[in-house]
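# Descriptive structure summary
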Amino acid sequence: MTAHQPEQPTGPENPGRTGSQARPQDGGPSPVAGLAAEYAAKAGLHRRHDGQVDVLRSAGGVQGIAESILPGLVFLVAFTVTRELPLSLVAALASAAIFTVVRLVQRRPLTQALAGVAGVGISAWLANTTGKAEDFYLPGFFTNGAYILAMVLSIAVKWPVAGLLFGFIRNEGVEWRKDPSRVKAYRLGTWIIVAVLALRLIVQVPLYLMGTDGLAALATTRLIMGAPLYILGIWVAWLVTRPAPKPGPAD
């Protein structure tokens, strides 16, 4: 899940108040509610004016998706053509650094670009240290596993991540925790995101273990199962956690 600074939309359900500003109906926010609101804001999910989640923008928009995809693609192409690991790693780092320069020119926040450079830097350092090209993709497995662990723990402690993210977009705050049906829905939504992350590991770890023979397939699946699969997973989770429509006035 990526962290982008969300905009402050006004939702149709609660004019003049954003999802991250929603407050419990029974008074001021509890410390846990405040932490949940902060988490939802930092998670970078955005809401359209019609109250629906803006999945593309939440994934960073076209530029953000390019920032997450291009370094890995550049590395794969460079290594496939040259078979020179150091040169391929430098090319990947350079492509990540370019996005930082672009954001500087655009005067946009550098958080995502710098995080991307740091991530590519760690991957490049590891691959260069071991001399194995496939190790360029190894840190992603640990990051993926950490997200899975955090989400499973959130379900276990009855604060499912999907509820923290979507609850504030929908102006539910943390009031959804008082409704067993909403808690159940958000647990299911969180399991869907966990399934997406677990699927990445199930598909990609065997390819990694194949060494350079599986490198092309590993890099390709990383591209396909990166932002595109994330967008699909978030959208499905959003749909299955929709509140039941309220009955209209009697005729």
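Given the structure is predicted, the values throughout are model-derived calculations rather than measurements.

Here the focus is the overall build of the protein chain. When its secondary structure is counted, the protein chain shows 10 helices and 0 strands. Counting from the amino terminus, the protein chain carries its helices and strands in the arrangement α-α-α-α-α-α-α-α-α-α. Within the span of the protein chain, comprising 251 residues, buried residues form 45% of the whole. Nonlocal contacts in the protein chain, meaning residues at least 24 apart in sequence, comprise 69% of its contacts between residues at least 6 apart. Summed over its atoms, the accessible surface of the protein chain is roughly 13100 Å², and 67% of this surface lies on carbon and sulfur atoms.

Where helix α8 (residues 180-209) contacts helix α10 (residues 227-240), the two axes come as close as 8 Å, and the packing angle between them is 165 degrees. For the element pair α8 / α10, the angle class is roughly antiparallel. The way α8 lies across α10 gives a crossing that is right-handed. Contacts between α8 and α10 pair Ala-185, Leu-188, Gly-189, Ile-192, Ile-193, Val-196, Leu-199 and Arg-200 from the former with Leu-229, Tyr-230, Gly-233, Ile-234, Val-236, Ala-237 and Val-240 from the latter. In the contact of α8 with α10, the residues fall into 12 nonpolar, 2 polar and 1 charged.

Once that is clear, we can look at the packing of aromatic side chains. In this structure the tally under the stated criterion is 8 aromatic pairs. Centroid distance Phe-75 to Phe-79: 6.1 Å. Interplanar angle 15 degrees. Geometry classified as stacked. Within this pair, Phe-75 and its partner Phe-79 are both found in helix α3 (residues 61-82), separated by 4 residues, close to a single helical turn. What makes Phe-75 buried here is its relative accessible area of 0%. Using a relative accessible area of 7% as the deciding quantity, one classes Phe-79 as buried. A centroid spacing of 6.3 Å and a plane angle of 80 degrees characterise the contact between Trp-159 and Trp-176, whose relative ring orientation is edge-to-face. Of the two residues, Trp-159 sits in the loop between α6 (138-156) and α7 (161-169) while Trp-176 sits in the loop between α7 and α8, which places them 17 residues apart along the sequence. Of the aromatic side chains, those joined through ring pairs into one cluster are Phe-75, Phe-79, Phe-136 and Tyr-137. Directly above the aromatic system of Trp-238 lies the positively charged group of Arg-170, at a separation of 3.9 Å from the ring centroid.

Turning our eyes to something else, we now look at the pattern of salt bridges. Throughout the structure, instances matching the rule amount to 2 salt bridges. Among the salt bridges present, the one from Arg-182 reaches Glu-172, with a minimum N-O distance of 3.0 Å. On the criterion of sequence distance, the pair formed by Arg-182 in helix α8 and Glu-172 in the loop between α7 and α8 is long-range, its members being 10 residues apart. Taking the relative accessible area as the measure of exposure, Arg-182 reaches 8% and is therefore buried. Residue classification places Glu-172 among the buried residues on the basis of a relative accessible area of 16%.

A contiguous nonpolar patch, built from Leu-188, Leu-232, Trp-235, Val-236, Leu-239 and Val-240 and spanning about 460 Å² of accessible area, is present on the exposed surface. When residues of the nonpolar patch are assigned to their parent elements, the largest contribution, 5 residues, is made by α10. Relative to the helices and strands, Leu-239 is located in helix α10. By relative accessible area, which is 31% here, Leu-239 ends up partly exposed.

The next point concerns the side chain of Asp-135. Assignment of secondary structure puts Asp-135 in the loop between α5 (111-130) and α6. Of the side chains with opposite charge, Lys-132 lies nearest to the buried Asp-135, which makes no salt bridge, at 5.3 Å. Side-chain polar atoms of Asp-135 contact the side chain of Thr-130, separated by 2.6 Å. Excluding residues within four positions of it along the chain, Asp-135 makes contact with Ser-123, Leu-126, Ala-127, Thr-130 and Tyr-208.

We now examine the confidence of the model for the protein chain. Per-residue confidence for the protein chain averages 78 on the pLDDT scale, and 70% of its residues sit at or above 70. For the protein chain, per-element mean pLDDT is lowest for helix α1 (residues 31-43), which scores 53, and highest for α8, which scores 96. Note that pLDDT drops below 50 for residues 1-29; the model gives that stretch 74 contacts with residues more than four away or on any other chain.

As a further point, take a positive patch on the surface. Positive charge collects at one region of the surface, where Lys-158, Arg-177, Lys-184 and Arg-187 lie side by side. Locating Lys-184 in the fold gives a position in helix α8.

Thresholds, definitions, all that
- The residue numbering used here restarts from 1 in each chain and proceeds along that chain's sequence as written.
- The predicted nature of this model means local features are confined to residues of pLDDT at least 70 and side-chain atom pairs, given and counted, to a pLDDT of 80 or more, with totals for whole chains, interfaces and linings taken over all residues.
- With hydrogens and water stripped out, all remaining heavy atoms of the structure feed into the side-chain values.
- Strands are runs of DSSP state E lasting at least two residues, helices are runs of H or I lasting at least four, and both sets are numbered from the N terminus onward.
- Classification of residues uses two cut-offs on accessible area relative to the type maximum, computed with a 1.4 Å probe and protein chains only: under 20% is buried, over 50% is exposed, and between them is partly exposed.
- Contact between two residues is taken to exist if any of their heavy atoms lie within 4.5 Å; hydrogens are not considered.
- Using a 1.4 Å probe, accessible areas were evaluated by the Shrake-Rupley method; residue-level cover was limited to the displayed protein chains.
- Every axis in this analysis is a line fitted to C-alpha atoms, fitted for helices over the stretch in contact. Angles between the N-to-C directions lie between 0 and 180 degrees.
- For classification purposes, angles smaller than 35 degrees are called roughly parallel, those larger than 145 roughly antiparallel, those between 65 and 115 roughly perpendicular, and all remaining angles oblique.
- Throughout, a crossing is termed right-handed when the near helix is turned clockwise from the far one, and left-handed when it is turned anticlockwise from it by less than a right angle.
- Amino acids are sorted into nonpolar (Ala, Val, Leu, Ile, Met, Phe, Trp, Tyr, Cys and Pro), charged (Asp, Glu, Lys and Arg) and polar (every other residue, Gly among them).
- Only Phe, Tyr and Trp rings take part, Trp by its six-membered ring, and two of them pair if their centres are within 6.5 Å. Stacked means planes under 30 degrees apart, edge-to-face means over 60, and tilted covers everything else.
- Counting as a charge over the ring demands two things of the Lys NZ or Arg CZ atom: a distance within 6 Å of the ring centre and an angle within 35 degrees of the ring normal.
- Here, a salt bridge means any side-chain nitrogen of Lys or Arg that lies within 4 Å of a carboxyl oxygen of Asp or Glu.
- Patch rule: a residue counts if its relative accessible area is over 30% and it has no salt bridge; like charges are joined within 9 Å, and nonpolar side chains (Val, Leu, Ile, Met, Phe, Trp, Tyr) within 5 Å.
- When charges are counted, Lys and Arg are positive and Asp and Glu negative, with His and the chain ends excluded.
- N or O atoms within 3.5 Å of each other form a polar contact, as long as, within protein, one can give a hydrogen and the other can take it, and as long as residues adjacent in sequence are counted only when both atoms are side-chain atoms.
- pLDDT is a per-residue confidence score from the predictor, ranging from 0 to 100.
- A charge is said to be at NZ when it belongs to Lys, at CZ for Arg, at CG for Asp and at CD for Glu.

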